[in-house]
Amino acid sequence: MSKRILITGAASGFGKMVAFDLAKKGYKVIATAQVYPQMSDLIREAKEQGIELTVDKLDITNATDIAYITQKYDIDILISNAGIMEGGPIAEQPLDLIRSMFDVNVFGGLQLAQGFIKKFIEEKRPGKIVFTTSMGELWTVPYVAAYCASKHAIGSIAEGLKTELAPFNIKIATCNPGIFGTGFNDRGVDTINRWYNPETNFTPLSAFDGTAEALANQLDPQSMADCIVDVALDENSNFRNVHPKETEDFVKQLQADAWTAKS
């Protein structure tokens, strides 16, 4: 039987690429988007490409949406991909922006996962949940520390779920992208300009030197989408999946260096 796969944040980026790729492979895909106009765009684009999938609305900060989706769909795999980035120096970043980011990246993802986990267990069915986190789960990148903190949090939650749900045959994995050109990182940088003012904030404008160069050298996202697809379908995948390999090696070295770093 073809696996049933629900994907959050499927309106753009990795989520849309993965949804379309899995549907092309013949899987039963439910692609969810935050708002109705995104749904319309997804439906139109899928039709234009001759792709068969189900599109539904899911704002993962909306408890009513979560209850509706978890009741409506019986799935085998959840790809928890929806996320947002709010950038800026954490010493000055408005707390309301950090809270809203945690609502999406942590609490929304966890609440949705809990809903499907309960169904897996009640129905005595195996299941799998794949969380799209970030290289920032494993490395605190300067000036996006709050975003990285949210990814640290969901990564820890995923690791806890992996251990706690093993007796129920529910598998958990994370996919940790490096810097890919989906537009996500660009929009994250854009968020800084909505509140940061070099004339009133103590963080100097020079702190952001190099940002434009980094954004200009992002990687082709298709390989990361392929990684997510492979992890989702592999019944014996690694728990943590950092991609590309160069990013994995870089993060491992940073983690080793952290043991001798000074305060």
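Everything that follows concerns the structure shown earlier in this document.
Residues numbered from 1 in each chain as written. Predicted model: local features only at pLDDT ≥ 70, side-chain atom pairs only at ≥ 80, totals over all residues. Heavy atoms only, no water.

A few points about the environment of Lys25
Here is step 1: Tracing the chain through its elements places Lys25 in the loop between α1 (13-24) and β2 (28-33).
Here is step 2: Linking Lys25 and Glu164, residues 139 residues apart in sequence, is a C-alpha distance of 32 Å. (Helix = DSSP H or I, 4+ residues; strand = E, 2+ residues; numbered from the N terminus.)

Let's talk about the side chain of Gln218
Here is step 1: Turning to its location among the elements, Gln218 is positioned in the loop between α7 (211-216) and α8 (222-233).
Here is step 2: Polar contacts involving the side chain of Gln218 include one to the side chain of Asp186, which spans 3.2 Å.
Here is step 3: Within polar-contact distance, the side chain of Gln218 engages the backbone oxygen of Leu215 at 2.9 Å.
Here is step 4: If sequence neighbours within four positions are ignored, Gln218 has contacts with Ile179, Phe180, Gly181, Asn185 and Asp186. (Polar contact = N/O pair within 3.5 Å; in protein donor to acceptor, adjacent residues only side chain to side chain. Contact = heavy atoms within 4.5 Å.)

Observations regarding the sheet that holds strand β7 (residues 240-243)
Here is step 1: With respect to topology, 7 strands assemble into an open sheet ordered β3-β2-β1-β4-β5-β6-β7, the strand pairing being parallel. Edge positions in the sheet fall to β3 (54-57) and β7, since each has one partner strand and no second. Between one strand axis and the next, the sheet turns through 20 degrees on average, direction left out of account.
Here is step 2: Pairing geometry for strand β1 (residues 4-7) and β2, over 4 bridges, is parallel. Each bridged residue has a counterpart across the sheet, and for Arg4 the counterpart in β2 is Lys28.
Here is step 3: Seen against the sheet, α8 touches β1, β4 (77-80), β5 (127-132), β6 (170-177) and β7 and runs at an angle of roughly 170 degrees to β6. (Pairing = 2+ DSSP bridges. Axes fitted to C-alpha atoms, helices over the stretch in contact; angles between N-to-C directions.)

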